[in-house]
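# Structure at a glance
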Amino acid sequence: MNAGFATFPDRETIADKLSELGETEQYFLRLLMENTHQDENLLEGLALHLDRAAAAHFLNSLKLERLGEWMGQQAPARLQARLMEAARSSQHAAYNAFRSGLTRSGGLANAFPKA
């Protein structure tokens, strides 16, 4: 990557989209997930979003569970293991809520079915 160019979208933009998750944000994130070159940006934005949720005074675990479930249903197979890895990267309740929704979505099981 050329040092003179910033990556777009940056992790802050992605974290903001993940926190809002309206129709427009969902469309934006689906497009992002289709592009393999954006995987790192997406995962960095997710990490920032989860870190922000963990640091917040009020933890909206239901919202984080819904985000995990939505991402598990929408993300392509190539991202499923990395999403679960991100969800398991901390024992904080914010990460646990996201992981709960991700597991409930069945995305990882669908991406890698048992033989």
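Here's a quick rundown of the structure. Model, not experiment: these values are computed from the prediction. (Residues numbered from 1 in each chain as written. Predicted model: local features only at pLDDT ≥ 70, side-chain atom pairs only at ≥ 80, totals over all residues. Heavy atoms only, no water.)

Helices and strands together make up the secondary structure of the chain, namely seven helices and zero strands. Its C-alpha atoms give the chain a radius of gyration of 14 Å, within 12% of the compact-globule value 13 Å for 115 residues. C-alpha atoms of the chain, sized along the principal axes, occupy 45 × 40 × 25 Å. For the chain, with 115 residues in total, the buried portion stands at 39%. Summed over all atoms, the accessible surface of the chain reaches about 6,800 Å², with 52% contributed by carbon and sulfur. For the chain, the centre of its 12 positive side-chain charges and the centre of its 14 negative side-chain charges are spaced 6 Å apart. (Helix = DSSP H or I, 4+ residues; strand = E, 2+ residues; numbered from the N terminus. Rg over C-alpha atoms; globule rule 2.2 N^0.38 Å. Buried < 20%, exposed > 50% of the residue type's maximum accessible area, 1.4 Å probe, protein only. Areas by Shrake-Rupley, 256 points an atom, 1.4 Å probe, with all protein chains shown as cover. Lys, Arg positive; Asp, Glu negative; His and termini not counted. Charge placed at Lys NZ, Arg CZ, Asp CG, Glu CD.)

This part takes up helix H5 (residues 77–87). Taken as a whole, H5 has its buried residues at Leu79, Gln80, Leu83, Met84, Ala86 and Ala87. Across the axial projection of H5, the buried residues extend over an arc of 155°, all falling on one side. Its buried side turned inward, H5 meets helix H2 (23–34), helix H3 (39–55), helix H4 (61–74), helix H6 (93–105) and helix H7 (107–111). (Arc of directions from axis to C-beta. Contact = heavy atoms within 4.5 Å.)

The next thing to look at is the environment of Ala77. Among the structural elements, Ala77 can be located in helix H5. Taking relative accessible area as the criterion, Ala77 reaches 40% and is therefore assigned partly exposed. With residues near it in sequence (within four places) discarded, Ala77 still touches Ala111 and Phe112.

All right, on to the pattern of salt bridges then. Enumeration according to the criterion identifies six salt bridges in this entry. Here Arg52 makes a salt bridge to Asp16, at a shortest N to O gap of 2.8 Å. With Arg52 in helix H3 and Asp16 in helix H1 (residues 11–20), this pair connects stretches of sequence that are 36 residues apart. Asp39 is the partner of Arg78 in a salt bridge, and the nearest nitrogen-oxygen pair spans 2.9 Å. Of this pair, Arg78 sits in helix H5 while Asp39 sits in helix H3; the two residues are 39 residues apart in sequence, bridging distant segments of the chain. One network of salt bridges, in which partners are shared, links Glu65, Glu69 and Arg104. (Salt bridge = Lys/Arg side-chain N within 4 Å of Asp/Glu carboxyl O.)

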